[in-house]
Protein chains: 2
Amino acid sequence: MAIIVDHRKLRTFTENNFRFVGLSQEAAHLCADNFVAADLRGVSSHGAALIRRYMDAIRIGTILPQAKPEIIRESPSTATIDGHLGLGQVVADFATGVAIEKAKQTGIGIATVRNSNHYGMAGYYAQMMVDEGLLGMSLTNAAPYVIPTFGRIPVIGTNPISLAAPANRHYPFLLDMATSVVPRNKLDEYADTGMPMPAGWALDAQGRITTDAAALLTSMVSRLGGGILPLGGKGELCGGHKGYGLSVLVDILCGVLSGGAYADLIQNVKDGESIIATQVCHFFMALKIDNFVDMDTFTAGMDDLIDRLKNSEKAAGQTTIYVHGEKEYELCAKHEKIGVPLPEYVYEILESVGKETGIPLDVRRERR
Amino acid sequence: MAIIVDHRKLRTFTENNFRFVGLSQEAAHLCADNFVAADLRGVSSHGAALIRRYMDAIRIGTILPQAKPEIIRESPSTATIDGHLGLGQVVADFATGVAIEKAKQTGIGIATVRNSNHYGMAGYYAQMMVDEGLLGMSLTNAAPYVIPTFGRIPVIGTNPISLAAPANRHYPFLLDMATSVVPRNKLDEYADTGMPMPAGWALDAQGRITTDAAALLTSMVSRLGGGILPLGGKGELCGGHKGYGLSVLVDILCGVLSGGAYADLIQNVKDGESIIATQVCHFFMALKIDNFVDMDTFTAGMDDLIDRLKNSEKAAGQTTIYVHGEKEYELCAKHEKIGVPLPEYVYEILESVGKETGIPLDVRRERR
C-alpha cells in the first residue's frame, strides 16, 4: 500500500506545521519548498521526513528560528557569512543569493558560511544558480559519520558535493553526491529491514567490514567506533583515500575557510529519536558563464557532452547510461503529475507531527 | 638493483634534452622542474619518464613548442586562455600565474584553459598557489580511458582533482587524485609484470570486470571497448556513478567552460610506443584566504583539522592515518637528500633518450 500525496498539499502541510512552531512565513515557505523538492525527486531522506528532526532542533534550541544570517567579511566577489545558528535553509538561501548577485556583477561569487544547520539537499542551491543561468556549486559539511582511511572512528562527514550546469536540449547536469560510499540514510533503511548491508559500505567499531546496519548505527551514534566508508571503500586499493580526501576538501572550503566548525567539531545532539548536528558550514560558488565562453557555445557543449555519454555503448545487460540529475528530473515531472509516493516510515512521521499540531496531512492510499 | 640519480642531475638532464629538441630555456626549465617534482614525490609516472612521450609529441606536431598561450577573454577575476597547442607545462604555468595575480588583486582568480597538452602532475600547480599563500585548485581533463556507469567504452578521462591548502605546523594539505579507481599507469605496471589486477579496477570490452591488464590495454587503446572504472567501481552499489560524476564535473569546468575539448573529443594519437592525447583542457582557481578569514585562523584551523584526523583511533592492524600530501612531502625531503630511485623501466627510457641526443644521465647503481 503506497501513500500518495499531492505535492502542493505536502508543501502546505509542511509550511503550516513550521508556522505552528514559530517560523516566519518566509522561512516556513523556504523549508517546505526545499523538503518537497527532495520528495519530488525521490530523495525522501531529505524531504518532509525531516520535519520531526527540525521541530525537535527548534525546541531544544540548536536551530534558532529567529536568527538572521549576517555577512561578516565581503569583497566584490567574495563573502563570509555567519548563520548565527539559524535554519540551514534560510542561511543557505541567503548565501546562495549573495553568490548569485556577486557572480552577475563580477563573473564569480563565492560565499563561505559558518554556524548554520542542516540545509537539506545540496543540489537545491546549485539548482537555484542554474535557474539564474549560472554554473553553480554547493558544498556542506555534516555530522562525523565517515571514517578516514586506516581509522576506526568517524571524524569526517558525508560532506556532499553538488555541481549544476545548464544545457539546452537536455536537462541541466546536476551532480549531488555524498563523498562517502553511501549517505547515512542508506544505513537506516538496512537497519529497519534487518537485511545485511553490502560488504564495502561500512566498518565496525574495530575498523573491520560490517554488514550489520543496526549494530553499526548504535555504535556509530554513540561514537564507540564504526562508521561509513569514504567513496572508494576500505584502505587504498580501490581509492578509499580519494573519497576521504574529497570529504576533507569540502571541510576546508566550508568549515576552515569560514572560520567555523569542521570534522568532529560538528557535534551531534541526541534528543529522543532525533539526532541533530549543529554548527554546520557551507560553501557556494556561482560562475557567470559568458565571462568565460559564450552561453550558446557552453550549452551546445553540454548537450554534446551529454550525448557522447548517453549514446556510448552499453555494458552487457544494460540499456541506459544516465547523466547526473536526469533520473531525478524525470521523477520530479512524474510526481508533480501523479503525486508523491511517501514511504511508510515517512508517512508515520508526518501523521504523528500532524496529530500534535492539529494540522493533518491529506493523503490518498493506493494498492501498488 | 636500484638506479639512483641526484635530483639536480635529473633536472639538468631533462632540461638539456628538451633544449636539444628545440624548447626555449624557460620552457625546458619548467618542464624539467615539473617532471623532477613528480619523481621526488615518488610519482614516477608523471616524472622524467614522460620525456620520450613529449619528444615524440613535439616531433609529430601535437605539441607546438613555440606556441604562446593567449588570454582570449578576461575580467578582473576570470580568464579564458587558449594554449594554442603549446607545451602543457608552459600553458599551465602561465594560467596558474594569471589565477594567482587575479586572486591577489580581487580575492579570487579563475583561469579555464583550452587547446593545451598533458600538463604533468595536477598538484604541481596547486602547490604553486600555496607557495604564494593562497588556497589552490587545479583540474585537467585527459584522454578517454574511463567508462561511464553502465557503459563498456571509455568516454571520459581519469580527470584529476587537486586542492592545496596551507597549514602552519603541518605540511600543506595537498590532494591530487584521479577521479577513476586508479590512474592509467597502474594498468601499465600490472601489464608489465603479468600479475592479475585487483578485481574492481577495470572492465573488459564487454563491460565485465577484468583482471588482465595486458589484454585490456590493447583493447582500450584501440578503442575496441574496455577501460578503467570510475572511483566507486562498477555500477551504482558502491558509488561508481559518483566517480563518473566527478570526472564529468572536471570535464565541464575544463573543457566545456573554456570552449575546448572534452570526453572523447580528446583524441589519442599513437606514434610508435607513445600515445599522445591532444587538445587537453585545464581549470585553475586561486583564493586569497584573508578575503574570507584571517590567515592565522585558517592555518590554525588546518593544523587542528589535520591533528583530528591523524590522532583519531586506528583500525586493527594500522598505525598511521595519513593526510593528503604528507607521504609525498616526506618522500620528497628524503629523495632530495639521498637521490631519486628510478624504476628500471624509467631508467631505460632516459638511457635511450640520452643515447639519441648525446646527453647522457649520470646515475649511481645500488644494491637495495
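Small disclaimer: the values here were computed from a predicted structure and weren't measured. (Residues numbered from 1 in each chain as written. Chains lettered and ligands numbered in written order. Predicted model: local features only at pLDDT ≥ 70, side-chain atom pairs only at ≥ 80, totals over all residues. Heavy atoms only, no water.)

1. Quick word on the pattern of salt bridges
Residues and elements named next belong to chain A. Put simply, the rule is: Salt bridge, as applied in this entry: a Lys or Arg side-chain nitrogen positioned within 4 Å of an Asp or Glu carboxyl oxygen. Numbered from the N terminus, helices here are DSSP runs of H or I no shorter than four residues, and strands are runs of E no shorter than two. Burial classes follow relative accessibility: with a 1.4 Å probe on protein chains only, a residue under 20% of its type's maximum area counts as buried, one over 50% as exposed, and anything between as partly exposed.
Summed over the entire model, instances satisfying the criterion amount to 38 salt bridges over all chains. Between D56 and R59 there is a salt bridge; the shortest N-O distance is 2.8 Å. Of this pair, D56 and R59 both sit in helix α3 (residues 51-60), three residues apart, roughly one helical turn. By relative accessible area, which is 55% here, R59 ends up exposed. When salt bridges with common partners are traced through the structure, they connect R169, D303 and D307 into a single cluster.

2. A short note on the relation of the copies chain B and chain A
Here is the rule: C-alpha atoms of residues with pLDDT of at least 70 in both copies form the basis for the least-squares superposition of the copies. Here, two residues are considered to be in contact whenever any of their heavy atoms come within 4.5 Å of each other.
The transform that puts chain B on chain A rotates by 180 degrees and translates by 0.0 Å along the axis, for an RMSD of 0.0 Å. Viewed as a symmetry operation, the transformation between the two copies matches a two-fold axis. Taking the C-alpha atom as reference, chain B places G232 of chain B closest to the rotation axis, 2.4 Å from it. The fraction of interface residues of chain B whose copies in chain A are also interface residues reaches 100%, indicating that both copies meet through the same surface.

3. Looking at the sheet that holds strand β10 (residues 227-228) of chain A
All names here are of chain A. Threshold: At least two DSSP bridges between two strands are required for those strands to pair.
In space, the three strands of this open sheet follow the order β9-β8-β10, with antiparallel pairing throughout. For this open sheet the edge positions go to β9 (209-210) and β10, each flanked by a neighbour on one side alone. Bridging between strand β8 (residues 202-203) and β10 involves two bridges; their strand directions are antiparallel. Residue A202 lies in a different strand from β10, and its bridge partner there is I228.

4. Details of the side chain of S219 of chain B
With respect to the helices and strands, S219 of chain B occurs in helix α7 (residues 213-221). When near neighbours in sequence (up to four residues on either side) are disregarded, S219 of chain B contacts A205, L224 and G225 of chain B.

5. Description of the environment of A79 of chain B
Within the fold, A79 of chain B resides in strand β3 (residues 78-82). Overall, A79 of chain B belongs to the buried group, its relative accessible area being 0%. Ignoring any residue separated from it by four or fewer positions in sequence, one finds A79 of chain B in contact with F292 of chain A together with I71, R73, E74, V98, K102, I110, A111 and T112 of chain B.

6. Quick look at the pairing of strand β6 (residues 161-165) of chain A
Residues and elements named next belong to chain A. Of all five residues in β6, five are buried; the element is thus mostly enclosed. Judged by which residues are buried, β6 turns out to be covered on both faces: I161, L163 and A165 on one side and S162 and A164 on the other are all buried. Alignment of β6 against strand β7 (residues 173-177), held across five bridges, turns out to be antiparallel. Of the residues in β7, the one forming a bridge with S162 is D176.

7. Observations regarding the nonpolar core
Here is the rule: Put simply, buried Ala, Val, Leu, Ile, Met, Phe, Trp, Tyr and Cys residues joined by side-chain atoms within 4.5 Å make one nonpolar core.
If you look at the biggest cluster of nonpolar residues, it comprises 128 residues, and the most contacted ones within it are I252 and F298 of chain A together with I252 and F298 of chain B. Apart from the residues within four sequence positions on either side, I252 of chain A is in contact with L257 of chain A together with L135, L163, A165, F173, F298, M302 and L305 of chain B.

8. Considerations on the confidence of the model for chain A
Put simply, the rule reads: Residue-level confidence of the predictor, termed pLDDT, takes values from 0 up to 100.
Taken over all residues, the pLDDT of chain A has a mean of 95, while the share at 70 or more is 99%. Across the assembled chains, the prediction reports ipTM 0.97 with pTM 0.97.

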